[in-house]
Amino acid sequence: MKNVLTIAGSDSSGGAGIQADLKTFSAHGVFGMSVITAVTAQNTQGVFAVQDIDPDVIAKQIDAIFEDIVVDAVKIGMVSQIPTIKIISAKLREYAPEKLVVDPVMVSKSGFHLLNPDAEQTLIQELLPLATVVTPNIPEAEVMTHRSIHTHEEMEDAAKAIFQMGAKNVLIKGGHLETDSTDILYDGQEFIPFSSARINTKNTHGTGCTLSSAIASNLARGMNITDAIAKAKEYITIAIEHSLDIGKGVGPTHHFYSLYQKAGLLDD
């Protein structure tokens, strides 16, 4: 059993954040652990409040994990404050996990800022140099690079710019493209596209959290970066295709569809 840690915020509706991460870990056959950075009051319609966890408590959570359990990979999600980012960075440098996925969560689908704008540069400076791979979507990549992105070529240019910020690999997610949903990986030498059909559904809550957690799970299980992303892309595509129409707004993806199918728990 491989052990994977998520350092992220809690989503009370269960579709994103650490809840989505832990579900994804379980679906991939790895043991999931969590360090909670913030508690959010949110549902399928939006985020209504955030309570950040004291940085000292975050540090103690990280110590509690690393001093007791072998950590095969780490995924970082919502880290909204400068002190939060700095203590996480310090602890990761102390414990030096070999595989780290950074999902630079900035704004929720409802428009709520989950990363304080004054902390954006701190995230880039402190966490990207530690990252095995960073996984921004197009709006996040636009914030990070201060440029507009509308095409595959512009995604590639942004990936080069983000690579220069220190990450070993950059995966820009193409879900916000008007034409298709191609993701592009840049490893410093070549661009590798990951394409899939665009699925016509409004229920995409937590897709970014889920994809990054799937990548972390696959890296923990020994896959190289390209295979880890390809398998994660397949997983999130199925999860979106069979997403759950829960709530009044943007419903969650189905983290366990393939497992439910194998167990005969789904109606034909």
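Below is a short write-up of the structure. The shown structure was predicted, so the numbers you read here are calculated from the model rather than taken from an experiment.

Time to look at the packing of helix 7 (residues 207-220) against helix 8 (residues 225-241). The contact between helix 7 and helix 8 brings their axes to 8 Å, and the two run at 140 degrees. Here helix 7 is positioned oblique relative to helix 8, judged by the angle of their axes. Of the two possible hands of crossing, helix 7 and helix 8 adopt the one that is right-handed. For the pair helix 7 and helix 8, contact is made by Thr207, Thr210, Leu211, Ala214, Ile215, Asn218 and Leu219 and by Ile225, Ala228, Ile229, Lys231, Ala232, Lys233, Tyr235, Ile236 and Ile240, respectively. Across the contact of helix 7 with helix 8, the residue classes tally to 11 nonpolar, three polar and two charged.

The subject of this paragraph is the pattern of salt bridges. Oppositely charged side chains may form a pair once their charged atoms are brought near each other. Under the defined criterion, the tally for this structure stands at eight salt bridges. A salt bridge links Lys91 to Glu94, with the nearest nitrogen and oxygen atoms 3.2 Å apart. One end of the pair is Lys91 and the other is Glu94, both in helix 3 (residues 82-95) and three residues apart, which spans about a single turn. Residue classification places Lys91 among the buried residues on the basis of a relative accessible area of 14%. Of the residues examined, Glu94 reaches a relative accessible area of 47% and is grouped as partly exposed. Here Asp103 ties to Lys173 by a salt bridge, and the two come within 3.4 Å at their closest N and O atoms. Of this pair, Asp103 sits in the loop between strand 5 (100-102) and helix 4 (120-127) while Lys173 sits in the loop between strand 7 (170-172) and strand 8 (183-186), placing them 70 residues apart in sequence.

The volume enclosed by the second largest pocket comes to roughly 320 Å³. Along the wall of the second largest pocket there are 16 residues; nearest its centre are Ala27, His28, Lys231, Tyr235 and Ser258. A total of five residues in the lining of the second largest pocket trace back to one element, the largest contributor, which is helix 8. When its residues are assigned to classes, the lining of the second largest pocket shows seven nonpolar, five polar and four charged.

Take the environment of His205 next. In this structure, His205 sits in the loop between strand 9 (191-194) and helix 7. Sequence separation of His205 and Gly17 is 188 residues, and the distance between their C-alpha atoms is 10.0 Å. Looking at His205, its side chain comes within polar contact range of the side chain of Asp11, at 2.9 Å.

Another aspect to go through is the packing of helix 3 against helix 4. Where helix 3 contacts helix 4, the two axes come as close as 9 Å, and the packing angle between them is 5 degrees. With respect to their mutual orientation, helix 3 and helix 4 come out roughly parallel. Only Thr122, Leu123, Glu126 and Leu127 of helix 4 make contact with helix 3, whose side of the interface consists of Ile82, Ile85, Lys86, Ile88, Ser89, Leu92 and Arg93. Among the residues forming the contact of helix 3 with helix 4, the class breakdown is six nonpolar, two polar and three charged.

You can see Ile162 is positioned in helix 6 (residues 152-163). For the pair Ile162 and Tyr186, spaced 24 residues apart in sequence, the C-alpha separation works out to 9.5 Å. With residues up to four places along the chain from it excluded, the contact list for Ile162 reads Leu128, Val134, Pro136, Ala141, Met144, Thr145, Ala167, Val170 and Ile172.

Rules of the game
Residues numbered from 1 in each chain as written. Predicted model: local features only at pLDDT ≥ 70, side-chain atom pairs only at ≥ 80, totals over all residues. Heavy atoms only, no water. Axes fitted to C-alpha atoms, helices over the stretch in contact; angles between N-to-C directions. Helix = DSSP H or I, 4+ residues; strand = E, 2+ residues; numbered from the N terminus. Parallel < 35°, antiparallel > 145°, perpendicular 65-115°, else oblique. Left-handed = near helix turned anticlockwise from the far one by under 90°. Contact = heavy atoms within 4.5 Å. Nonpolar A, V, L, I, M, F, W, Y, C, P; charged D, E, K, R; others polar. Salt bridge = Lys/Arg side-chain N within 4 Å of Asp/Glu carboxyl O. Buried < 20%, exposed > 50% of the residue type's maximum accessible area, 1.4 Å probe, protein only. 1 Å grid on protein atoms, 1.4 Å probe; cavity = no way out; pocket = protein on both sides within 12 Å on 5 of 7 lines; lining within 4 Å. Points joined across faces, edges and corners; volume = space filled by probe spheres on them. Polar contact = N/O pair within 3.5 Å; in protein donor to acceptor, adjacent residues only side chain to side chain.

Note that all results are geometric; they support no functional claim without further evidence.
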